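# Observations on the model geometry
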Amino acid sequence: MLKLLKLLKDGRFHSGEALGAALGVSRSAVWKQLQHLEAELNLPVHKVRGRGYRLAAPLSLLDVEAIEQGLATPGWPTLIYDEIDSTNAQALRAVSGGQQAPFLVLAERQSAGRGRRGRNWASPFAENLYYSLVLRIEGGMRQLEGLSLVVGLAVMQTLRAAGVSAAGLKWPNDVLVNNRKIAGILLELVGDPADVCHVVLGIGVNVNMSINNEVDQAWTSVRLETGRQVDRNQLVAQLNENLQAYLERHRHEGFTGLQAEWEQGHLWQGRAVSLIAGVNVVEGVVLGIDRQGALRLEVEGVEKSFSGGELSLRLRDDS
Ligand code: BTN
């Protein structure tokens, strides 16, 4: 089915006969595949008697060469999948299989995209970025401190450069525009964090998605914010460059060197929030973050710090 899609991706008309010849199947088999394409990938196909078939709009697929063209410095070795359960899961499997880090895993679609706190990450075909960068970390905890927040900074800057000027951060590592989520980050780690480990920086960015009924929270996308269809290969190149630069600074300066910049990008500085940890809720006012990237809250007149992957933050109604 994806071979057929690649033949149609230019958005021009192709006759059933020509498609059948290119795929080595009959015209009726082409017709069946087209129906699957429409139903499974949610891609409308125009069928015109005498002219053939064409996609409602041209489709730009992920492509290593196109990504490399947009890079000033060479990128990471990149694996692109048409479909995978989760790019993070695939990255972890590749590490166990002996793949040498750093490397990048991208996919056109995820059938079991993972979000934070066990949630699902909606991952429709060819619309968004599903991006997992694997790094080998030697030398322990300092290199992990604040790492997920640093990734947030790189994503935020990438989105701002793509024209989403209102993109900002929400602790620990969501990227929001007017309280709607545009990108999420999920770090997963294997090995010994105090010695040698591999960390997967999993990034999901809503790029060209304009309709999705599966997402159970307020969301937006680059296209909805800018009114323009975005070239995802260019966006990958831009994200690679920003990540390279921020990771380099993090390696040299540690998180302390990026703490102030992160706070500048934090949309909820000074806001009254509820911090939710399972059934426990702490109410406070956001003071900022500490040198490790933990959230600093003023709680009943006392400063307290909070960290941990299972925490989530909500604005208080009276904020
Ligand atoms: C969140 O809940 O905010 C985190 C979402 C992270 C989604 C990305 S998409 C690429 C990578 N692969 C996954 O399965 N999840 C992350």
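For every chain, the first residue of the written sequence is number 1, and numbering continues from 1 along that sequence. Given that the model is predicted, a residue must reach a pLDDT of at least 70 before its local features are reported, and side-chain atom pairs must reach 80 or more before they are shown or counted; all residues, however, enter totals for whole chains, interfaces and linings. Water and hydrogen atoms were dropped before computing side-chain values, which therefore reflect all heavy atoms in the structure.

### A short note on the side chain of glutamine 90
Here glutamine 90 shows up in helix 5 (residues 87–96). Residue exposure (1.4 Å probe, protein chains only): buried if accessible area is under 20% of the type maximum, exposed if over 50%, otherwise partly exposed. Taking relative accessible area as the criterion, glutamine 90 reaches 13% and is therefore assigned buried. In this description, contact between two residues means that some pair of their heavy atoms is separated by no more than 4.5 Å. Aside from chain neighbours lying at most four places away, what touches glutamine 90 is Tyr81, Ile84 and Val105. Strands are runs of DSSP state E lasting at least 2 residues, helices are runs of H or I lasting at least 4, and numbering of each runs from the N terminus.

### With respect to the nonpolar core
The tendency in soluble globular proteins is for nonpolar side chains to be buried as a group. Judged by nonpolar contacts, the single largest core of 60 residues is most densely connected at Tyr131, Val155, Leu159 and Leu243. Note: domain ranges come from an automatic or database domain assignment. Composition of this core by domain shows at least three residues from each of domain 2 (64–264) and domain 3 (268–315). Contacts of leucine 243, omitting those with residues within four sequence positions, involve Trp76, Tyr131, Leu133, Val151, Ala154 and Ile203. Joining through side-chain atoms within 4.5 Å is the link that ties buried Ala, Val, Leu, Ile, Met, Phe, Trp, Tyr and Cys residues into a set, and such a set is a nonpolar core. Counting residues in each nonpolar core, the second largest holds 17 residues, with Leu23, Val30, Leu43 and Leu59 among its members.

### Quick look at the domain arrangement of the protein chain
With domains assigned, the protein chain is organised as domain 1 (1–55), domain 2 (64–264) and domain 3 (268–315). Its C-alpha centre places domain 1 at a distance of 33 Å from the equivalent point of domain 2.

### Here's the deal with the pattern of salt bridges
One speaks of a salt bridge when a side-chain nitrogen belonging to Lys or Arg is within 4 Å of a carboxyl oxygen belonging to Asp or Glu. A complete count under the given rule lists 17 salt bridges for this structure. The closest approach of N and O atoms between arginine 136 and glutamate 138, which form a salt bridge, is 2.9 Å. On the accessibility criterion, glutamate 138 (44% relative accessible area) is partly exposed. With its nearest N and O atoms 2.8 Å apart, the salt bridge here joins arginine 296 to glutamate 303. Residue glutamate 303 is classed as partly exposed on the basis of its relative accessible area of 47%. It is possible to trace a salt-bridge network through shared partners that takes in Glu40, Glu83 and Arg109.

### Regarding the sheet that holds strand 5 (residues 129–138)
Sheet architecture is open: seven strands sit in the order 3-4-5-9-8-7-6, paired in mixed fashion. Where the open sheet ends on each side, the last strands, each with one partner, are strand 3 (78–81) and strand 6 (168–170). For this sheet, the mean angle separating the axes of adjacent strands, direction not counted, is 20°. Bridge analysis of strand 5 against strand 9 (residues 196–205) gives 10 bridges, and the strand direction is antiparallel. Along strand 9, the bridge assignment pairs leucine 135 with valine 199. Under this scheme, a helix contributes an axis fitted over its contacting stretch, all axes are lines through C-alpha atoms, and angles between N-to-C directions fall in the 0 to 180 degree range. Relative to strand 4 (residues 103–107), helix 5 is tilted by about 140°, and along the sheet it contacts strand 3, strand 4, strand 5, strand 8 (180–191) and strand 9. Between any two strands, pairing holds if DSSP finds at least two bridges.

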